Amino acid sequence: MSRYALSLTSSPAPQTPQTNSPKPTPEALQNALLHTFKSPFELKQIHAQIIKTNTPLSVLQLSHVASVCALTPTFPYATKIIQLSGKHETDIWNSCLKDFAESDSPYDAVRLFSQLCTYGVCLNDYTFSFILKACTKLSDGLGGRIIHGFVEKLGFQSNLFLQNSLVHLYVVSGEFDNARQLFDKMPDRDVVTWNIMIKHLVQRGNVDEAYGLFGKMPERNVRSWTSMIMGFVRGGRPEQAIDLFAKMEEAKVCPNEVTVVAVLAACADLCALDLGKKIHDYSNRSGFKRNVRICNTLLDMYIKCGCVEAARGVFEEMEQRTVVSWSAMIQGLAINGKGEEALTLFSKMIESQIKPNEVTFTGLLHACSHMGMVNEGREYFASMSRDYGIVPQIEHYGCMVDLLSRAGLLKEACEFIKNMRIKPNGVVWGALLGGCRVHKNIELAEEAIKHLLELDPLNDGYYIVLSNIYAEAKRWEEAANVRKLMRENGVKKTPGSSSITIEGVVHEFVAGDETHPQTDEIKERWDKLLEEMRVRGYVPNTSVVLLDIEESEKVKFLFRHSEKLAVVFGLINTANGTAIRIVKNLRVCEDCHAALKLISEIVDREIVVRDRNRFHCFKNGVCSCKDFW
DNA sequence: ATAGGGTTAG
C-alpha cells in the first residue's frame with residue numbers, strides 16, 4: 001500500500017498547479033491522479049477524489065480504472081465506482097474486454113469474461129463479439145463452444161455478427177463440423193459468412209469445393225474474389241487464378257493490396273511477365289508502393305521470371321526491407337547464376353543489422369552449390385547455427401549434399417549424410433545420386449538408390465537417373481533392369497512439360513505432343529533452325545534418350561522435347577526481339593541446353609527457361625548457368 | 001464499440 005502511495009506523491013504530475021497558476025479543474029486533478037494510477041490498491045484514493053470534487057469520471061477514465069482492476073480482487077469495488085458514475089457499466093467492461101482481446105495476451109479477455117459472469121455484470125452482443133475474438137486468437141474451440149452456449153441462452157443466437165464470429169472461431173480451431181453445421185442452419189448469411197467458409201475450404205486444400213461455394217454466393221466483394229484467386233494459387237493452379245482475376249476485372253471489382261499479392265504470385269508461378277508488369281503498374285498507381293509485402297511479392301515475381309535486374313530495381317527502391325526481401329533477393333541471384341553477388345548481398349544484409357533466418361541460408365547454400373563454392377558453403381553451414389542460432393533443417397542438409405556431390409566429393413557427401421542429426425529424406429539421397437551421375441560413380445549411386453527405393457519408391461526421377469548412369473557406362477542390361485523394376489513398382493515416367501504464357505494465355509507443351517494446332521508450323525520452323533544449328537556445329541546428343549530404339553528414331557524423339565516445342569512456338573507467336581520465357585516441370589535436358597544456346601544466338605533473342613531447380617538464361621549463345629548445373 | 005485475405009525455400 002505504502003509503496004503505491006509513495007509512487008503517487010513522488011511521480012511528476014504534469015497538471016499539478018504551480019503557485020501562481022489558476023486552480024485546476026476537478027477533471028484535471030482526476031487526470032493527474034489517473035496518470036499515475038497503475039495499481040488497484042489506489043482505488044480508494046480515486047474514490048475519495050470523486051467524492052471530494054463531486055465530479056464523476058469520464059468514460060475514458062473509467063475504462064482505465066476498469067482495465068487496472070479487471071483481473072484483481074478489487075473488481076467489485078471498480079464495478080461500484082463505475083455504477084456510481086452513472087455510465088453504462090457494460091460499455092465500460094466491453095471496451096476493456098476489447099483491449100484485452102486485441103492485446104498480446106488475449107487470455108486476459110477470457111479471465112475478464114469469467115469475472116463478468118461471476119459478478120453478474122450484464123452482458124450484451126458486443127461482449128460476446130469481443131470474447132469470441134479472444135477465443136479465435138487463442139484457437140480455443142472448447143471456449144468457443146462454451147460461449148456459443150451462453151449466446152444461445154441469452155438469446156443472441158440470431159445475431160449475424162456473432163454467428164459469423166462463431167463460424168470463424170470453429171474453423172480456426174479446426175472444428176470444421178461445428179462450423180459447417182452452424183453455417184448450414186444459418187437462416188441469413190452475408191458476404192462475410194461466405195468468405196469465411198471459402199477461405200477455410202481453401203486452407204484445407206479443398207479448392208474445388210471453395211469454388212463451388214464461390215459460385216453459389218449471392219454477392220461477392222473484393223475479399224471473396226481475392227480469397228478464391230489466392231486459393232487457386234495455393235492449390236498450384238495459377239492459370240485458374242489468372243482466369244478468375246480476368247473475371248474479377250469484368251465484374252468491375254477493384255483489386256486491393258491483397259489481390260495484387262495473389263495475382264503477382266500467380267504470375268510468378270507462370271512466368272507471366274507481361275501481366276506481372278501490368279500489376280506492378282497498377283500497384284504503383286494505386287499507391288501500394290510502400291507496402292512491404294507487395295514489394296516482396298513483386299521482387300519474387302521478377303526473380304521467378306528470370307528478370308534479376310528488375311528485381312534488383314524493386315529491391316533498391318524499397319523504403320524498408322525485411323528479412324524476406326533480402327532472402328528473396330539472395331535466392332534470386334543464386335538461381336540466376338550470380339552466386340558471388342548473392343554472397344556480397346548477404347554481407348550487406350548483415351551490415352544493415354538484419355538478422356538472417358533459415359530461408360536466407362537456403363539461398364546462400366544454393367548460391368554456393370550452383371557455383372561450386374564448396375568451402376564457402378561449408379562455412380555458411382557451420383555459421384548458421386554457430387553465429388545465428390539457426391538449427392539446420394532438412395533443406396539445408398539437402399543443399400550441402402548437393403554442393404559436395406556436384407563438386408565430386410561423393411565420399412564426403414555420403415559421410416555427411418550418415419552423420420546427419422535428422423533422418424535424411426529423398427531429396428538428400430537424391431542429391432547424392434545426381435552427383436553420382438555427373439561423376440560416374442556407380443557404386444555410390446547404388447547405395448543411394450537403396451535408400452531412395454525405401455524412402456520414395458514412387459518417384460520416377462530416381463529410377464531415370466540410375467538407368468542413365470548405367471546407360472552411360474554402357475551397362476545396358478542393368479539399365480534395362482532398372483526400367484523393369486520401375487514397371488514392376490508401377491512407376492510411370494512423368495512426361496516433360498513446358499509452358500509459355502503469351503498475353504495472359506498459358507500454352508502447355510508435353511513431350512511428343514503433336515496435337516497442337518500449330519504443330520506443322522512449329523516443325524517447319526524447327527527444321528529451318530536445325531539447318532543453321534548444324535552449320536554452327538550442333539550434333540544431336542542422343543545419349544539422353546533412354547529408349548531402346550534406332551539412332552535415327554532417337555533423334556526424332558529429341559526434337560519433340562517439350563522445351564524445344566515451347567520455344568519454337570514462342571518464336572513464331574511473339575515479336576522479333578522479345579524474350580521468350582518457358583517454365584519446365586523437370587530439369588532441362590543436355591541436348592536442349594546445347595540447342596537453346598545456339599538458337600538464342602541464331603534468332604538473337606533472350607530465352608529464359610525456368611526448370612525444376614534453377615534458371616537458364618540463354619543469350620548470344622551462352623547460358624547464365626555457365627554450363628554448371 | 002462488434003465478423004472475413006497477403007510476402008522469401010521446399
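About the criteria used
Residues numbered from 1 in each chain as written. Chains lettered and ligands numbered in written order. Predicted model: local features only at pLDDT ≥ 70, side-chain atom pairs only at ≥ 80, totals over all residues. Heavy atoms only, no water. Near = heavy atom within 4 Å. Polar contact = N/O pair within 3.5 Å; in protein donor to acceptor, adjacent residues only side chain to side chain. Nonpolar A, V, L, I, M, F, W, Y, C, P; charged D, E, K, R; others polar. Helix = DSSP H or I, 4+ residues; strand = E, 2+ residues; numbered from the N terminus. Expected span 1.5 Å × (residues − 1). Buried < 20%, exposed > 50% of the residue type's maximum accessible area, 1.4 Å probe, protein only. Patch = residues over 30% accessible without salt bridge, like charges linked within 9 Å, V, L, I, M, F, W, Y side chains within 5 Å. Areas by Shrake-Rupley, 256 points an atom, 1.4 Å probe, with all protein chains shown as cover. Salt bridge = Lys/Arg side-chain N within 4 Å of Asp/Glu carboxyl O. Lys, Arg positive; Asp, Glu negative; His and termini not counted. Charge placed at Lys NZ, Arg CZ, Asp CG, Glu CD. Axes fitted to C-alpha atoms, helices over the stretch in contact; angles between N-to-C directions. Parallel < 35°, antiparallel > 145°, perpendicular 65-115°, else oblique. Left-handed = near helix turned anticlockwise from the far one by under 90°. Contact = heavy atoms within 4.5 Å. Pairing = 2+ DSSP bridges. Phe/Tyr/Trp six-rings, centres within 6.5 Å; stacked < 30°, edge-to-face > 60°. UniProt positions renumbered as here; feature names shortened; annotations may be inferred. Disulfide = S-S within 2.5 Å. Right-handed = clockwise from strand over helix to strand, strands pointing away.

A closer look at the protein's contact with DNA strand B
Around DNA strand B, the surrounding shell holds 41 residues, and the nearest of these are Asp-91, Asn-164, Asn-195, Asn-256 and Asn-296. Taking the atoms of DNA strand B that fall within 4 Å of the protein, sugar and phosphate contribute 38% of them. At 2.6 Å from a base nitrogen of DNA strand B is found a side-chain nitrogen or oxygen belonging to Asn-164. Contacts to DNA strand B include Asn-291, whose side-chain N or O atom sits 2.7 Å from a base nitrogen. Here the residues of the surface near DNA strand B are counted per class, giving twelve nonpolar, 18 polar and eleven charged.

Remarks on helix α8 (residues 125-137)
Here α8 contains 13 residues, and its C-alpha end-to-end distance of 19 Å stays within 8% of the 18 Å for a straight helix at 1.5 Å per residue. All buried positions along α8 are accounted for by Thr-127, Phe-128, Phe-130, Ile-131, Leu-132, Ala-134, Cys-135 and Thr-136. Capping the start of α8 is the job of one residue whose side-chain oxygen sits 3.0 Å from the backbone nitrogen of Tyr-126: Asn-124. Remark: Ser-139 follows α8 within two positions and exhibits a positive phi of approximately 50°.

Examining a negative patch on the surface
Taken together, the side chains of Asp-520, Glu-521, Glu-524, Asp-527, Glu-531 and Glu-532 make up a negatively charged region of the molecular surface. With respect to the helices, strands and loops of the structure, Glu-521 is situated in helix α30 (residues 519-535). Take Glu-521: its relative accessible area is 40%, and that puts it in the partly exposed class.

Concerning the packing of helix α4 (residues 59-69) against helix α6 (residues 89-102)
Relative to each other, α4 and α6 sit at 60°, their axes nearing to 9 Å. Judged by the inter-axis angle, α4 sits oblique to α6. Classified by chirality, the crossing of α6 by α4 is right-handed. Here Val-59, Leu-62, Ser-63, Ala-66 and Ser-67 of α4 come into contact with α6, specifically with Ile-92, Trp-93, Ser-95, Cys-96 and Phe-100. The residue makeup of the contact of α4 with α6, split by class, is seven nonpolar, three polar and no charged.

Quick notes on the sheet that holds strand β6 (residues 622-623)
Read across the open sheet, the six strands follow the order β2-β1-β3-β4-β5-β6; overall the sheet is mixed. A strand with exactly one partner marks an edge of an open sheet, and here the two such strands are β2 (505-510) and β6. One ladder, built from six bridges, connects strand β1 (residues 497-502) with β2; its direction is antiparallel. Pairing of Thr-501 across the sheet is with Val-506, part of β2.

Things to note about the packing of aromatic side chains
Enumeration according to the criterion identifies 20 aromatic pairs in this entry. With 5.5 Å between their ring centres and 80° between their planes, Phe-113 and Phe-150 make a pair best called edge-to-face. Taken together, the residues span a long stretch of sequence, with Phe-113 in helix α7 (residues 107-118) and Phe-150 in helix α9 (residues 141-153) at a distance of 37 residues. Phe-150 sits in the partly exposed class, given a relative accessible area of 29%. A centroid spacing of 5.5 Å and a plane angle of 65° characterise the contact between Phe-381 and Phe-416, whose relative ring orientation is edge-to-face. With a gap of 35 residues between them, Phe-381 in helix α23 (residues 374-388) and Phe-416 in helix α25 (residues 410-418) connect regions that are remote in the sequence. Pair check on accessibility: Phe-381 and Phe-416 agree, each one buried. Members of the aromatic cluster, connected to one another through ring pairs, are Phe-113, Phe-128, Phe-150 and Phe-156.

Let's talk about the UniProt feature "repeat: PPR" (unreviewed entry) in chain A
Per the UniProt record, "repeat: PPR" (unreviewed entry) is annotated on residues 190-224, 225-255, 291-321, 322-356 and 357-392. Within the segment residues 225-255, helix and strand shares are 74% and 0% respectively, and the terminal C-alpha atoms sit 9 Å apart. In the segment residues 322-356, helix accounts for 74% and strand for 0%; the C-alpha atoms at its two ends are 10 Å apart.

Some points on the state of the cysteines
Chemically, a disulfide is nothing more than a covalent bond linking the sulfur atoms of two cysteines. Counted according to the given criterion, the structure contains zero disulfides. Between Cys-135, a free cysteine, and Cys-117, which holds the nearest cysteine sulfur, the sulfur-to-sulfur gap is 11 Å. Exposure remark for Cys-135: the relative accessible area of 2% places this residue in the buried category. Cysteine Cys-305 shares no disulfide, and the gap to the nearest cysteine sulfur, in Cys-271, comes to 4.5 Å.

A closer look at the pattern of salt bridges
One pass over the full model with this rule turns up 27 salt bridges. Residue Glu-472 pairs with Arg-437 through a salt bridge whose shortest N-O separation is 2.6 Å. Of this pair, Glu-472 sits in helix α28 (residues 460-472) while Arg-437 sits in helix α26 (residues 426-438), placing them 35 residues apart in sequence. Taking the relative accessible area as the measure of exposure, Glu-472 reaches 29% and is therefore partly exposed. Put simply, Arg-437, Lys-440, Glu-472 and Glu-590 are held in one network by salt bridges that share partners.

Considering unusual backbone geometry
The residue Cys-271 is not glycine, and still its phi comes out positive at about 60°. With a phi angle near 50°, Asn-620 is a residue other than glycine that sits in the positive phi range. Here Asn-620 lies in the loop between β5 (615-619) and β6. With relative accessibility at 52%, the residue Asn-620 sits in the exposed group.

Here's the deal with the packing of α6 against α7
At a minimum axis distance of 8 Å, the contact between α6 and α7 shows a crossing angle of 155°. Here α6 is positioned roughly antiparallel relative to α7, judged by the angle of their axes. Mapping the contact onto sequence places Trp-93, Cys-96, Leu-97, Phe-100 and Ala-101 in α6 and Asp-108, Ala-109, Leu-112, Phe-113 and Leu-116 in α7. Partitioning the contact of α6 with α7 into residue classes produces nine nonpolar, no polar and one charged.

Section: the pairing of strand β3 (residues 580-584)
For β3, the tally of buried residues reaches five of five residues, placing the bulk of the element in the interior. Burial of β3 is two-sided: the residues Ile-580, Ile-582 and Lys-584 facing one way and the residues Arg-581 and Val-583 facing the other way are all buried. Sheet topology note: the β1/β3 ladder contains two bridges and is antiparallel. Across the sheet, the residue bridging to Ser-499 is Val-583, located in β3. With four bridges joining them, β3 and strand β4 (residues 607-610) adopt parallel strand pairing. Note that in β4 the partner of Ile-580 across the bridge is Ile-607. For the segment spanning β3, helix α33 (residues 590-602) and β4, crossover handedness is right-handed.

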